[in-house]
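Overview (structure and organization)
Each chain is listed here by its residues.
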Number of protein chains: 2
Amino acid sequence: MTTKVGIIGYGNLGRGVEGAIAQNDDMELVAVFTRRDPKTVTIAGDAAIHHVDDAKQFIGKIDVMILCGGSATDLPEQVPHFAQWFNTIDSFDTHAKIPEFFATVDAVNTASNTVSIISVGWDPGLFSLNRALGEAVLPQGDTYTFWGDGLSQGHSDAVRRIDGVAKAVQYTLPVPAAVERVRNGEAPTLSTREKHTRVCYVVAKEGANTEKITEEIVTMPNYFADYDTTVHFISAEEFAKDHTGMPHGGFVIRSGQSQAGHKQIVEFNLKLESNPYFTSSVLVAYARAAHRLAQKGDFGAKSVLDIPVSAISPKSGEALRKELL
Amino acid sequence: MTTKVGIIGYGNLGRGVEGAIAQNDDMELVAVFTRRDPKTVTIAGDAAIHHVDDAKQFIGKIDVMILCGGSATDLPEQVPHFAQWFNTIDSFDTHAKIPEFFATVDAVNTASNTVSIISVGWDPGLFSLNRALGEAVLPQGDTYTFWGDGLSQGHSDAVRRIDGVAKAVQYTLPVPAAVERVRNGEAPTLSTREKHTRVCYVVAKEGANTEKITEEIVTMPNYFADYDTTVHFISAEEFAKDHTGMPHGGFVIRSGQSQAGHKQIVEFNLKLESNPYFTSSVLVAYARAAHRLAQKGDFGAKSVLDIPVSAISPKSGEALRKELL
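Bear in mind that the values here come from a model prediction, so they are computed numbers and not experimental data.

1. Brief notes about the side chain of Glu 267 of chain A
Mapped onto the elements of the fold, Glu 267 of chain A is located in strand β13 (residues 263–272). Within polar-contact distance, the side chain of Glu 267 of chain A engages the side chain of Asn 269 of chain A at 2.8 Å. Apart from residues lying up to four places away in sequence, Glu 267 of chain A is in contact with Arg 183, Phe 251, Val 252 and Ile 253 of chain A together with Glu 267, Phe 268 and Asn 269 of chain B.

Okay, here's the thing in structure tokens:
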């Protein structure tokens, strides 16, 4: 069975989805939809490019729409809209608003006989899977999530908004000693400051007061005040050479005890050279599951927690059991 | 919903299942079934103890039977037998025979309206989940499974059968340099010898020829000949002090590339102080899923690959999305 996919929004994530589809023989990219003038958009492959307002014409021609917009404003509006007509996949990642988002989308799915798998990616996504798995298997224990080494888009943006900053990136780093304690089963109580540090690389504008910029960064509430933050000022050349990638990753560790107090440590970790392209790869695998669920008439909103691994694999149940079980 | 469980076979695994049930508020141990004279069996808690031939009397009183026998002879016979009357969970781990075992059990399930989740545990089990996940998300790449540091029961038994050996344990150790290369995304081709080493701790009988024992171990076909094996002779006292636990663990690493050749590394690893008790914890979590599937009328044989994480969690969908997604 081939899954025919549409992409809504062609930024890093959309470009990644296009690339990931090309890695899967049973997936086909039908069209990319954009809010820009389609004539101004160039994509890597030879799929059609349409204005997002024309998407409705593709009812019946696209099995799953992968929505590649942002969580702040795009997805809360776009997912319920397109779920009227299409099965959808999104990477909605505003944790606090997930229950409300799920309910809104589920109501549309139920009325429209469509499937939406929400909040797909790695966190939320594969990390969520492992948090739930760890808790279910080891009900007595503690779950730790560490992020990094990785570029944080939100924090980089916050630094870039400071007066005198020309360019900036912010990396989140797990504190190695804290990770080690968790891996050893010590089950420590860790403050925000003890779990992660933050490092900024900043290109200052000519004549800018770097001391003032540093002070503004390290005291910024919500973003940096609760962390130990280091600020490095570098040249535009060094920035271009070393800080244009989007690496990320992290760990989910369940530190549990089975009966008789035996320590049992379950860890899932990611080391990603490209955060958006990995997220894209996850979105594409779950598009396969959305298509299959719709084929079975199992409509409604779902999360990765509701999807068995067999549903995201191109292999048959027989092949999976023979080769991978 | 409470899941009423029966245990068939009360060895390490059965004892672990009893302990794991006690960690889960929504699970209840109804009875332990044994092939021994029930009067000679003592269990940790206060569940009933019956002869295995009396199990049939518990139809309707037990939601899921967890079969805790061995893969060589017990499970191939017991799972199809008890699946006539009960939903079942087993840890069948003879990889090569899984397809045949699945088909046999599935036929019984289908005729009897029962659910069996087969080959539950960590390998097969959680490791299988991660092998399938890694492949689905990163179709271009290589999957590596390393085992250890851990006690191998089969290899320990093989050493104990050698003339002159009083006691013996065998540990499998992943080669750190090989793990490091895989984690760094080098995607090396590794021979059996390059992936794992084996270490034996042996208590020799009085007057035994230790050189001859060593020679017999390191040249033993299938078990040791393909590995670098180290043999240590120790005293019965040291053996009793340091080598009676059953630690194990290992890694599943997917070393993949998303488009544009970005390296993406996905790793799942376990560090277990008690291999059988961890396996037991996994069995109990999946018993919850078997009960739920049966309640929905979704009968037949399944593996962990067919079960979403939400089905093994005691939490509702709402709670999972709010707290863990």
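2. A word on the environment of Val 202 of chain A
Residue and element names in this part refer to chain A. By secondary structure assignment, the location of Val 202 is in strand β10 (residues 196–204). For Val 202, a relative accessible area of 0% gives the class buried. For the pair Val 202 and Ala 236, spaced 34 residues apart in sequence, the C-alpha to C-alpha distance is 8.9 Å. In this view, Val 202 contacts Val 159, Val 165, Lys 167, Ala 168, Ile 217, Val 231, His 232, Phe 233 and Ile 234; residues no more than four positions away in its chain are not counted.

3. So, the packing of helix α2 (residues 74–82) of chain B against helix α3 (residues 98–112) of chain B
Residue and element names in this part refer to chain B. At a minimum axis distance of 9 Å, the contact between α2 and α3 shows a crossing angle of 20°. As far as their axial angle goes, α3 and α2 are roughly parallel. The interaxial crossing formed by α2 with α3 has right-handed handedness. From α2, Leu 75, Pro 76, Val 79 and Pro 80 reach across to α3, where they touch Phe 101, Thr 104, Val 105 and Val 108.

4. Some remarks on the relation of the copies chain A and chain B
Put simply, the second copy of the chain is the first one after a rotation about an axis and a shift along it. Taken as rigid bodies, chain A and chain B are interconverted by a rotation of 180° and an axial shift of 0.0 Å, the fit giving an RMSD of 0.1 Å. Such a turn and shift between the copies fits a two-fold axis. Same-surface contact between copies: 99% of interface residues of chain A are shared with the interface of chain B.

5. Concerning the nonpolar core
Of all hydrophobic cores here, the largest spans 150 residues; its most connected members are Ile 89, Phe 278 and Tyr 286 of chain A together with Ile 89, Phe 278 and Tyr 286 of chain B. Excluding anything up to four places from it in sequence, Tyr 286 of chain B contacts Leu 133 of chain A together with Ile 89, Ile 117, Val 120, Leu 126, Leu 129, Val 304, Ile 307 and Ile 312 of chain B.

6. Side note on the interface of chain A and chain B
On the chain B side, the residues contacting the 70 residues of chain A number 69 residues. Note on chain A versus chain B: buried area summed over both sides is about 5900 Å², and carbon and sulfur give 61% of it. At the boundary of chain A and chain B, one finds 2 salt bridges. Ionic pairing is found between Lys 315 of chain A and Glu 135 of chain B, a salt bridge with its closest N-O pair at 3.0 Å. Run the count over chain A and chain B and you get 32 residue pairs in polar contact (both at pLDDT 80 or more). Of all the elements in the fold, those that place two or more residues in the side of chain A that touches chain B are α1 (12–22), α3 (98–112), α4 (126–137), β13, α10 (275–295), α11 (309–312) and α12 (317–323) of chain A. Bridge count for β13 of chain A against strand β13 (residues 263–272) of chain B is 9 bridges, and the pairing is antiparallel. By the bridge assignment for β13 of chain B, Lys 271 of chain A is matched with Ile 265 of chain B.

7. Some points on the domain arrangement of chain A
Residue and element names in this part refer to chain A. Domain annotation of chain A identifies domain 1 (3–123 + 276–320) and domain 2 (132–273). A C-alpha centroid distance of 29 Å is found between domain 1 and domain 2. With 6 residues of domain 1 at the interface, the matching set in domain 2 holds 8 residues. The junction of domain 1 with domain 2 conceals about 570 Å² of combined surface from both sides, 81% of it contributed by carbon and sulfur atoms.

8. Observations regarding the UniProt feature "binding site: substrate" (unreviewed entry) in chain A
All names here are of chain A. UniProt feature "binding site: substrate" (unreviewed entry): in the numbering of this structure it lies at Trp 147, Thr 172, Arg 198, His 248 and Asn 275. Using a relative accessible area of 7% as the deciding quantity, one classes Arg 198 as buried. Once residues within four sequence positions are removed from consideration, Arg 198 is found in contact with His 155, Gln 170, Tyr 171, Thr 172, Tyr 223, Phe 224, Tyr 227, Asp 228, Thr 229 and Thr 230. At 3.3 Å, the side chain of Arg 198 forms a polar contact with the backbone oxygen of Tyr 223. Within the secondary structure, Asn 275 sits in helix α10. Non-local contacts of Asn 275, meaning those with residues more than four positions away in its chain, are made with Trp 122, Met 246 and His 248. Looking at Asn 275, its side chain comes within polar contact range of the side chain of Trp 122, at 2.9 Å.

9. Regarding the sheet that holds strand β11 (residues 228–233) of chain A
All names here are of chain A. Overall, mixed pairing links the 4 strands, which are arranged β8-β9-β10-β11 in an open sheet. Each edge of the open sheet is held by one strand with a lone partner, namely β8 (150–151) and β11. By the bridge criterion, 6 bridges tie β10 to β11 in an arrangement that is parallel. What sits directly across from Val 199, in β11, is Thr 230. Packing of helix α5 (residues 153–160) onto the sheet brings it into contact with β8, β9 (165–174) and β10, and relative to β9 it is tilted by some 145°. Running at roughly 150° to β11, helix α8 (residues 210–218) makes contact with β9, β10 and β11 of the sheet.

10. Points about helix α10 (residues 275–295) of chain B
Residue and element names in this part refer to chain B. With 21 residues, α10 extends 31 Å from end C-alpha to end C-alpha; this agrees with the ideal 30 Å at 1.5 Å per step. Most of α10 is tucked away: 19 of the 21 residues are buried. For α10, the side-chain oxygen to backbone nitrogen distance between the N-cap and Tyr 277 is 3.2 Å, and the N-cap itself is Ser 274. Just downstream of α10 lies Gly 297, where phi reads positive at about 75°.

What counts, and where the lines are drawn
- Position numbers for residues count from 1 along each chain, tracking the sequence in the order it is written.
- Here the convention is simple: chains get letters from A, ligands get numbers from 1, in the order in which they are written.
- Local features are withheld for residues below a pLDDT of 70 in this predicted model, meaning they are given only at 70 or higher, and side-chain atom pairs are given and counted only at 80 or more; totals for whole chains, interfaces and linings count all residues.
- Computation of side-chain values: all heavy atoms of the structure, hydrogens and water removed.
- Going along the chain from the N terminus, every DSSP run of H or I of four or more residues is numbered as a helix, and every run of E of two or more is numbered as a strand.
- Any N or O atom pair separated by 3.5 Å or less is treated as a polar contact, with the protein-specific requirement of one donor-capable and one acceptor-capable atom, and with residues adjacent in sequence counted only for side-chain atom pairs.
- The contact definition used throughout considers only heavy atoms, calling two residues in contact when any of these lie within 4.5 Å.
- Only protein chains enter the accessibility calculation, which uses a 1.4 Å probe; a residue whose area is less than 20% of its type maximum is buried, one above 50% is exposed, and one in between is partly exposed.
- All axes are obtained by fitting lines to C-alpha atoms, using only the stretch in contact for helices, and the reported angles, taken between N-to-C directions, cover 0 to 180 degrees.
- For this classification, under 35 degrees means roughly parallel, over 145 means roughly antiparallel, 65 to 115 means roughly perpendicular, and everything else is oblique.
- Rotating anticlockwise by less than a right angle from the far helix to the near helix defines a left-handed crossing, while the corresponding clockwise rotation defines a right-handed one.
- Our superposition of the copies is a least-squares fit, built on the C-alpha atoms of residues whose pLDDT is at least 70 in both.
- Nonpolar cores are built from buried Ala, Val, Leu, Ile, Met, Phe, Trp, Tyr and Cys residues. Side-chain atoms within 4.5 Å join them into one set.
- Accessible surface is computed with a 1.4 Å probe, and the buried area is the amount of it that two parts give up when combined, taken over both parts together.
- Salt bridges are defined by distance alone: a side-chain nitrogen of Lys or Arg within 4 Å of a carboxyl oxygen of Asp or Glu.
- Note: two strands are recorded as paired if DSSP finds a minimum of 2 bridges between them.
- Marked domain ranges trace back to an automatic or database domain assignment.
- UniProt positions are given in the numbering used here, feature names are shortened, and annotations may be inferred rather than shown by experiment.
- Take the number of residues in a helix, subtract one, and multiply by 1.5 Å to get its expected span.

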